[in-house]
Amino acid sequence: MMSTNSTAQMLTPGFSDPVSQSQLVFRRLLDAMARPGSIETVDLDIEGPETLDLAATAITLALVDFETPLYLAPALATPAAETYLKFHCGTRIITDAKDAAFGILDGTPEDLSTFNTGTEEYPELGATLIIQIETIRTNGPLTLTGPGIKDSTELGLPDVPASFWDARTKLQRYFPRGIDLVFVSGAEMVALPRTTNVTLQSGKE
Amino acid sequence: MSMTQEAQPWQAPEHDKPVEQVEGYNFAYLDEQTKRMIRRAILKGVAIPGYQVPFGSREMPLPYGWGTGGMQVTAAVIGEDDTLKVIDQGADDTTNAVNIRRFFAKTAGVATTEKTSDASLIQTRHRIPEKPLTDDQILIYQVPIPEPLRWVEPRETETRKMHALEEYGVMHVSLYESIARFGRITTAYNYPVQVNGRYIMAPSPIPKFDNPKMHQMAALQLFGAGREKRIYAVPPYTDVKSLDFEDHPFTIQSWEENCALCGADDSYLDEVITDDAGGKMYVCSDSDYCAERREAGHVGDQGEPQTPAQKGAAE
Ligand SMILES: [Zn+2]
């Protein structure tokens with residue numbers, strides 16, 4: 001399906017209308033980040049790299065540029081994906097997770113602490129991680145509370161192991177330092193900023 | 001409507017009509033790289049409620065003091081499907097509000113409105129609408145001075161440390177000194193708040209009457225300071241507490257009068273001089289709220305009942 005003869009043949013288009021589509025993707029992500037647990041859909045047709053979900057490609061096209069180094073998990077970092085993101089975003093693709101402003105991962109990382117959590121004085125330097133998973137659903141077993149959530153809400157991310165939530169909860173002690181997460185599956189996304197408290201209802205995993 | 005006319009706040013002016021987007025402008029004026037930078041700052045602001053995110057402010061075609069920070073946030077957020085409302089001191093028809101509304105009608109081609117309930121984005125200077133905002137709305141504040149600790153500590157390096165370490169004692173001492181000297185906290189505008197139990201934040205120069213509306217608001221609140229290049233945010237349904245003391249709890253302004261035009265007893269009132277002899281009356285600062293109440297048949301002491309014919313003419 002994919003020719004590897006030359007860069008030109010590998011390169012598929014980015015946004016067909018960058019101004020309005022960047023705005024649209026940003027607004028979906030803003031809604032997601034402002035209302036953790038709400039599932040937003042990127043309603044766009046983009047022929048991005050095969051290894052990336054549509055929502056991951058769209059967020060990257062909308063927000064990543066030469067000011068924001070991008071980490072790609074090894075499984076996603078095909079030559080086609082690297083060429084596409086370098087060309088359309090003008091970004092540097094880096095292999096040291098610590099320096100990344102954005103990261104795109106296939107599943108949750110073994111060790112969250114390999115990413116930048118910012119500093120006490122500049123907590124906004126903490127990374128934004130786009131994590132590709134299979135399934136996003138609304139009916140638990142995760143209970144979310146925190147800013148952006150009226151009372152509490154339920155979320156189901158069955159591909160995410162319980163150990164990841166434990167590690168994330170430990171990291172939250174260092175607030176305002178932290179990492180902001182966007183889980184994506186196909187065109188869908190759900191955000192968990194560093195302020196969102198996640199509890200796993202026992203026995204329901 | 002002329003640009004210089006300061007219409008009386010209770011006269012609902014003709015609704016702005018959508019203007020064709022002007023050729024040669026970038027959509028919403030800013031270039032795409034600048035918008036990306038501002039958008040990233042907004043997202044981090046939402047993720048760290050009440051924290052001031054520095055950003056590279058760009059020149060806007062209006063002088064500072066006209067709300068360039070709020071305009072840059074609006075320009076980064078706004079899309080073709082949005083309906084924009086702009087208020088200044090609660091009114092939609094001041095020169096500042098009219099100019100900003102026209103700016104976005106021209107550069108983004110968006111629809112504008114004066115009705116709070118019809119707006120998806122509301123840019124504001126100095127007020128929060130009286131009508132409760134909804135999940136589908138975003139409120140964008142123009143902020144002149146984003147640093148709430150500035151008046152107790154002028155150095156940016158120090159205030160940044162104080163925020164980082166949550167060292168807010170000096171702020172409380174300063175407020176308490178106001179009580180010791182005047183018997184109360186004298187700050188009536190830009191009254192400091194604490195967001196989600198963590199960052200102390202300047203709510204911009206809204207009257208403290210509006211502070212309680214920020215608490216657990218359904219709408220997302222974004223703040224832009226152009227000169228000092230800061231963006232901050234309060235996500236929906238987030239605790240926003242006005243600083244106070246057990247023996248001196250936070251209170252809001254209240255009036256003995258009701259609105260002279262619509263009779264409201266729950267809205268923020270402006271004193272309006274009515275004649276050379278010093279006659280005055282109190283009217284709602286939120287002109288849309290007042291107009292909507294009058295359209296619904298509410299009449300104040302000095303208001304005239306609206307007949308169905310007048311209602312039709314007003315629309
Ligand atoms: Zn009134």
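Keep in mind that this is a model prediction, so the values were computed, not measured.

So, on to the overall build of chain A. For chain A, the helix and strand inventory stands at five helices and ten strands. On C-alpha atoms alone, chain A measures out to a radius of gyration of 17 Å, which is about the 17 Å that the 2.2 N^0.38 rule sets for 205 residues. Principal axes of the C-alpha set define a box for chain A whose edges measure 50 × 35 × 30 Å. Of all intrachain contacts in chain A linking residues separated by at least 6 positions in sequence, the fraction that spans at least 24 positions is 67%. Element-wise, carbon and sulfur atoms account for 49% of the exposed surface of chain A, whose accessible area totals about 8900 Å². The centroid of the 14 positive side-chain charges in chain A is displaced by 8 Å from the centroid of its 27 negative side-chain charges.

Before going further, it helps to examine the overall build of chain B. Scanning chain B from N- to C-terminus turns up eight helices and twelve strands. Looking at chain B residue by residue over its 315 residues, the buried ones come to 56%. Pairs at least 24 residues apart make up 65% of the contacts formed inside chain B by residues separated by at least 6 positions. In the form shown here, chain B has an accessible surface area of approximately 13400 Å², with 50% of it arising from carbon and sulfur atoms.

It is worth spelling out the coordination of the zinc ion at this point. Residues and elements named next belong to chain B. For the zinc ion, the full set of protein donor atoms is Cys-259 (SG), Cys-262 (SG), Cys-284 (SG) and Cys-290 (SG), and the range of their distances to it is 2.2 to 2.3 Å. Classification of the site at the zinc ion rests on its four donor atoms, whose angles at the metal span 105 to 119°, yielding the label tetrahedral. Sequence spacing of the donor residues for the zinc ion, all on one chain, is C-x2-C-x21-C-x5-C. For the pair formed by Cys-259 and Cys-262, the shared burial category is buried.

Each partner contributes residues to the interface: chain A has 39 residues there, and chain B has 40 residues. A combined buried area of about 3200 Å² lies between chain A and chain B, and 62% of that area is made up of carbon and sulfur atoms. Applying the counting criterion to the chain A and chain B interface returns six salt bridges. In this structure, the connection of chain A to chain B is made through 21 residue pairs in polar contact (both at pLDDT 80 or more). Per element, the largest residue contribution to the side of chain A that touches chain B is eleven residues, and it comes from helix H2 (residues 18–34) of chain A. By residue class, the composition of the side of chain A that touches chain B is 20 nonpolar, nine polar and ten charged.

Tallied over the full model, the rule gives 14 aromatic pairs over all chains. Seen in terms of ring centroids, Tyr-51 of chain B and Tyr-199 of chain B are 5.5 Å apart; in terms of plane orientation they differ by 55°. Their pairing is tilted. With Tyr-51 of chain B in the loop between helix H1 (32–47) and strand E1 (53–54) and Tyr-199 of chain B in strand E7 (residues 199–201), this pair connects stretches of sequence that are 148 residues apart. The residues Tyr-51 of chain B and Tyr-199 of chain B share a single accessibility class, namely buried. Taken together, Phe-164, Trp-165 and Phe-183 of chain A form an aromatic cluster joined through their ring pairs.

This brings us to the nonpolar core. Ranked by internal contacts, the top residues of the largest apolar core, which has 111 residues, are Leu-157 and Phe-183 of chain A together with Ile-42, Phe-104 and Leu-222 of chain B. When residues of this core are assigned to their parent elements, the largest contribution, eight residues, is made by helix H3 (residues 54–63) of chain A. Leave out the neighbours within four places in its chain, and Leu-222 of chain B touches Ile-42, Val-46, Val-73, Val-77, Ile-138, Leu-139, Ile-140, Tyr-141, Tyr-232 and Ala-233 of chain B.

Within the secondary structure layout, Glu-167 of chain B lies in the loop between helix H4 (156–165) and helix H5 (169–182). Each C-alpha atom of the pair Glu-167 of chain B and Ile-200 of chain B lies 10.0 Å from the other, and the pair is 33 residues apart in sequence.

Bringing the pairing of strand E5 (residues 128–132) of chain A into the picture now. All names here are of chain A. The buried fraction of E5 amounts to five of the five residues, a majority that puts the element mostly inside the structure. Alternating positions in E5 separate into two faces, Thr-128, Ile-130 and Gln-132 on one and Leu-129 and Ile-131 on the other, with burial throughout. Alignment of strand E4 (residues 102–106) against E5, held across five bridges, turns out to be parallel. Looking at the pairing, Asp-106 lines up with Gln-132 of E5.

This part is about H4 of chain B. Residue and element names in this part refer to chain B. Buried within H4 are the following residues: Thr-159, Arg-160, Met-162, His-163 and Ala-164. Packed against the buried residues of H4 are E1, H5, E7 and strand E9 (230–234). Positive backbone phi, approximately 55°, marks Glu-166, located one or two places after H4.

This brings us to the domain arrangement of chain B. All names here are of chain B. Split by domain assignment, chain B resolves into domain 1 (14–149 + 188–242) and domain 2 (254–300). On the side of domain 2, twelve residues touch domain 1, which itself brings 16 residues to the contact. Here domain 1 packs against domain 2, burying approximately 1000 Å² in sum over the two surfaces, 41% of which is carbon and sulfur. Three residues stand out in domain 1 for area buried against domain 2, namely Lys-115, Glu-130 and Phe-209, and they jointly supply 43% of the buried area on that side. For Glu-292, the salt bridge identified is with Lys-131, shortest N-O distance 2.6 Å. For the pair domain 1 and domain 2, the number of links is eight residue pairs in polar contact (both at pLDDT 80 or more). Here the residues of the side of domain 1 that touches domain 2 are counted per class, giving five nonpolar, four polar and seven charged.

Looking now at H5 of chain B. Residues and elements named next belong to chain B. For H5, with 14 residues, the first-to-last C-alpha span of 20 Å sits near the 20 Å given by 1.5 Å per residue. Regarding H5, the residues found buried are Met-171, Ser-174, Leu-175, Ser-178 and Ile-179. The buried residues of H5 all sit within an arc of 145° when viewed along its axis, so they share a single face. In H5, the exposed residues that point more than 90 degrees away from the buried face are Ala-180 and Arg-181. Just downstream of H5, Gly-183 is the residue with a positive phi angle, here 80°.

As a further point, take empty space enclosed by the protein. Residues and elements named next belong to chain B. The full count for this structure, using the stated rule, is one cavity of 30 Å³ or more. Taken as a whole, the largest cavity spans an internal volume of roughly 80 Å³. In terms of lining residues, the largest cavity is bounded by Gly-50, Tyr-51, Gln-52, Glu-147, Glu-156, Arg-160, His-163, Tyr-199 and Arg-230. For the lining of the largest cavity, a count of residues per class yields two nonpolar, three polar and four charged.

Rules of the game
Residues numbered from 1 in each chain as written. Chains lettered and ligands numbered in written order. Predicted model: local features only at pLDDT ≥ 70, side-chain atom pairs only at ≥ 80, totals over all residues. Heavy atoms only, no water. Helix = DSSP H or I, 4+ residues; strand = E, 2+ residues; numbered from the N terminus. Rg over C-alpha atoms; globule rule 2.2 N^0.38 Å. Contact = heavy atoms within 4.5 Å. Areas by Shrake-Rupley, 256 points an atom, 1.4 Å probe, with all protein chains shown as cover. Lys, Arg positive; Asp, Glu negative; His and termini not counted. Charge placed at Lys NZ, Arg CZ, Asp CG, Glu CD. Buried < 20%, exposed > 50% of the residue type's maximum accessible area, 1.4 Å probe, protein only. Donors = N, O, S within 2.8 Å, 3.2 Å for Na, K, Ca; no water. Tetrahedral: all angles 85-135°; square planar, octahedral: opposite > 155°, others 65-115°. Buried area = accessible area lost by both parts, 1.4 Å probe. Salt bridge = Lys/Arg side-chain N within 4 Å of Asp/Glu carboxyl O. Polar contact = N/O pair within 3.5 Å; in protein donor to acceptor, adjacent residues only side chain to side chain. Nonpolar A, V, L, I, M, F, W, Y, C, P; charged D, E, K, R; others polar. Phe/Tyr/Trp six-rings, centres within 6.5 Å; stacked < 30°, edge-to-face > 60°. Core = buried A, V, L, I, M, F, W, Y, C linked by side-chain atoms within 4.5 Å. Pairing = 2+ DSSP bridges. Domains from an automatic or database assignment. Expected span 1.5 Å × (residues − 1). Arc of directions from axis to C-beta. 1 Å grid on protein atoms, 1.4 Å probe; cavity = no way out; pocket = protein on both sides within 12 Å on 5 of 7 lines; lining within 4 Å. Points joined across faces, edges and corners; volume = space filled by probe spheres on them.

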